[in-house]
Amino acid sequence: MAVYDIELRHLVKEFGGAERGKRGYQVRAVDDVNLQIEQGEFFALLGPSGCGKTTTLRMIAGFEHPTSGEILISGRPVQNIPAFHRPVNTVFQDYALFPHMTVFQNVLFGLRMEGTPRTVAAQRVEEALDMVKLGHLAQRKPSQLSGGQQQRVALARALVKRPAVLLLDEPLGALDLKLRKEMQLELKTMQQRVGITFIFVTHDQEEAMTMANRIAVMHNGKVLQMGTARQIYEHPGTRFVADFIGETNFIEGDLVARQAGAGTVKLPDATLIEAQLPPDWSADSGTVTLAVRPERMGIVPEGEEADMPKMPLSVLTGMLVEMNYIGTDTRYTVRLFDRLDIAVREQNVDYEENYDFRVGQTVKIFFPLASASILHRD
Amino acid sequence: MAPSSQSLNQSAGRAIEINTGRLQRDLLIRRIGKIGLYFNPVFSFFFLWAPIAVLVVFSFNESRSVATFTGITLDWYVNIFTGVLGAESAFSTELLLDSLSNSLIIGFITTLISTVIGTMVAMSLVRSDYPGKRLLDGVLYLPVVIPEITQGISLAVFFNMLFDYWNMLTGQRLYPGLHTVVIGHVAFTISFVAVVVRARLADMNPRLEEAARDLGANEWRTFREVTFPLLLPAIIAGGLLAFTLSLDDFLVTFFTAGSGTNTLPVFVYGLLKLTVTPEINAISTIMVVASTVLIGISLSLQGRNATRG
């Protein structure tokens, strides 16, 4: 069997209840999580606040003890090994730099605890600080640094220990947007350079997609879907994932026929639509939810259908209820069946040549088979 | 349509009207409020400090009478240290220094013990969970709020009972003295230390201790390298508070000292029983200044930002 850098087996964490000796009050923060993370991966745990992603990370770090299940680091179970003996290090959300120590002393701390000889340790600290380009600030106190600099110190302090795995808890959450974008790329470059497995926790789907090789989407303590950014965006398995990653339109309908990998769905206005089925789909009929991304749809005024691309398309008729120009795109809201509002986004490649849409007019929206997927129930 | 949204609709595009009369009235109320806020601290501080100011001023008064101020002198301060006092009193510098040294000894030992215990109590209240913790948390404030006379009497009764049992068991007779005073002082200063240290501890980012463990420090090294240095200002502040409280205490000392053990406040009280002399004013002034300095240091240490160390 392959040995993974990190493997989680049926990991469960419950808070309250038994811990406090009170009955009835119990929260399952992490619910049967299974993960295998390979050496050198940049892995993201993505989900809204309270989904259990941080608790999962804290269990790997050793700050929380799992209620049940196993954590393996390089194939070795570690749930009974305290944090200070685990070959993982953490970059905290608020950095948690020691305020009474200089930058140098902060980075040195971990090596001092290991008993690394002073001269060797000092050299490694200098290397680590040079790597994050902070060599010149070694004698400053953390309070004299900017947020971005503190973030780098936290990174150097963790990496200087040469851990098997680096854990990052919302590492960029406290930075402003511009700096965050910079640090995203910098972190990714650094990860490729040191080759250490990174596991990071974020609620920002764009951040996860920018940095990670693989993403696990978590909700209510469970991993809903795992895969590359492309797999998750293009083939969301459930309604929650489709909604959480990017913007999605949901259309309810009845599954009336099923072919290999695709199904025919009958919409409330009797239109038939072809859509992709998940690989593990089993039902032959019943109510289903379709997901279509706004940017995968096109829009034309009624009567201009000849302008639609010449390929197999699903076409729906609706009324244009809102139109917003937002720079790169124009966003149209189209009301279907007199009740369901659908978002359509078209890039403003040449806005002047677009149709002269008016709110209230009847429009056609269209999309190819590959753009519509049928979702599992959550 | 609901009436409220109707009126909202009507307000759109309407000309702005200002009720000048009401505006004038509201501005006047604001002015009065501002003046009131300005004088409020003046009155409060007058009540707080006027008696002490009188004491300090009359400690420099040339005349023995408290009724008139005739001129400035340092005689009374000199008298304290040369043993000359009102003819009828049993004052001696030797007794004064004796009681002062008692006060200091009691203060130091009390501070040492209550700082250690108070810090431990604070740690256990913030960093661990056990049944009855909330109760202990509430009881912690008791010594701060219950009347000191009750504390004094209860300690006196307690020691009396303890010594009686000891006598019954061993036939030995124990007597109160410095040690009982220290125990009494420790009993009520622990709370103050614990409250101060706990505030800082609760303010401290728990991630700092996690970071230390994450970097390979076991619990003891985490405490020594991270928790303790960051708590130190609060521990010193709590210690200074304990020292000041112990030094100034009269009631608990009075009930636990037994006969023959004087501290400075008890000694001053003894002098006062005879007559109020300017020398007492002078001693009191010195005590006020010393306490103020200690409390000032304590407050400035507590005020330091908990995350900056």
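Residues numbered from 1 in each chain as written. Chains lettered and ligands numbered in written order. Predicted model: local features only at pLDDT ≥ 70, side-chain atom pairs only at ≥ 80, totals over all residues. Heavy atoms only, no water.

What about the overall build of chain B?
Along its length, chain B carries 13 helices and 0 strands. Mapped in sequence order, the helices and strands of chain B form the string α-α-α-α-α-α-α-α-α-α-α-α-α. Taken across its 309 residues, chain B has 37% of its residues classed as buried. Within chain B, contacts between residues at least 6 apart in sequence are counted, and of these 68% link residues at least 24 apart. A total of about 18,200 Å² of accessible surface is found on chain B, and carbon and sulfur atoms cover 68% of it. (Helix = DSSP H or I, 4+ residues; strand = E, 2+ residues; numbered from the N terminus. Buried < 20%, exposed > 50% of the residue type's maximum accessible area, 1.4 Å probe, protein only. Contact = heavy atoms within 4.5 Å. Areas by Shrake-Rupley, 256 points an atom, 1.4 Å probe, with all protein chains shown as cover.)

Notes on the nonpolar core
Residue and element names in this part refer to chain A. Core analysis: the biggest nonpolar cluster contains 50 residues, and L129, L155, L166 and I215 have the highest contact counts within it. In terms of residue count, the dominant contributor to this core is helix 4 (residues 147-159) (6 residues). Excluding residues that lie within four positions of it along the chain, L166 makes contacts with N89, V91, L155, A158, L159, I196, T197, F198 and I199. Ranked by size, the runner-up nonpolar core spans 41 residues in total, among them C51, L57, A83 and M101. (Core = buried A, V, L, I, M, F, W, Y, C linked by side-chain atoms within 4.5 Å.)

A word on unusual backbone geometry
Negative phi values dominate among residues other than glycine, just as trans dominates among peptide bonds. Residues and elements named next belong to chain A. Located in the positive-phi region is D32, a residue other than glycine, with phi close to 55°. Residue placement: D32 occurs in strand 2 (residues 26-37). Despite not being glycine, A96 shows a phi value in the positive range, around 50°. Along the chain, A96 falls in the loop between strand 6 (88-91) and helix 2 (103-114). With a relative accessible area of 2%, A96 lands in the buried category.

A few points about helix 1 (residues 53-61) of chain A
With 8 of 9 residues buried, helix 1 of chain A is to be regarded as a mostly interior element. Backbone geometry just downstream of helix 1 of chain A places G62 of chain A in the positive-phi region, at approximately 105°.

Some words on empty space enclosed by the protein
Taken as a whole, this structure holds 2 cavities of 30 Å³ or more when the rule is applied. Taken as a whole, the largest cavity encloses approximately 100 Å³ of empty space. Every residue along the wall of the largest cavity is listed here: Y233, E234, P236, T248, A291, V292, R293, R296, A370, S371 and S373 of chain A. Sorting the residues of the lining of the largest cavity by element identifies helix 7 (229-234) and strand 14 (286-292) of chain A as the ones contributing at least two each. Partitioned by chemical class, the residues of the lining of the largest cavity number 5 nonpolar, 3 polar and 3 charged. For the lining of the largest cavity, the domains that each give at least three residues are domain 2 (247-292) and domain 3 (294-371) of chain A. What lines the second largest cavity is a set of 10 residues, and nearest its centre among them are R64, S65, V66, P278 and N281 of chain B. Classifying every residue of the lining of the second largest cavity gives 4 nonpolar, 5 polar and 1 charged. (1 Å grid on protein atoms, 1.4 Å probe; cavity = no way out; pocket = protein on both sides within 12 Å on 5 of 7 lines; lining within 4 Å. Points joined across faces, edges and corners; volume = space filled by probe spheres on them. Nonpolar A, V, L, I, M, F, W, Y, C, P; charged D, E, K, R; others polar. Domains from an automatic or database assignment.)

Looking at the pairing of strand 13 (residues 272-276) of chain A
Residues and elements named next belong to chain A. Residues I273 and A275 point to one face of strand 13 and are all buried, whereas L272, E274 and Q276, pointing to the other face, are not buried. Here 5 bridges tie strand 12 (residues 262-266) to strand 13, and the two strands are oriented antiparallel to one another. Note on strand 13: the bridge partner recorded for V265 is I273. Counting the residues in the hairpin turn of strand 12 and strand 13 gives 5 residues, including A270, whose phi is positive at 75°. (Pairing = 2+ DSSP bridges.)

Topic: the domain arrangement of chain A
Per the domain assignment, the segments of chain A are domain 1 (6-234), domain 2 (247-292) and domain 3 (294-371). Taking only C-alpha atoms into account, the centre of domain 1 of chain A sits 43 Å from that of domain 3 of chain A.

Digging into the pattern of salt bridges
All names here are of chain A. All told, the structure shown has 28 salt bridges over all chains when counted by the stated rule. For the salt bridge of R58 with E64, the shortest nitrogen-to-oxygen distance reads 3.3 Å. Taken as a pair, R58 and E64 share a single burial class, namely buried. Via salt bridges that share partners, E14, R28, D31 and K222 belong to a single interconnected network. (Salt bridge = Lys/Arg side-chain N within 4 Å of Asp/Glu carboxyl O.)

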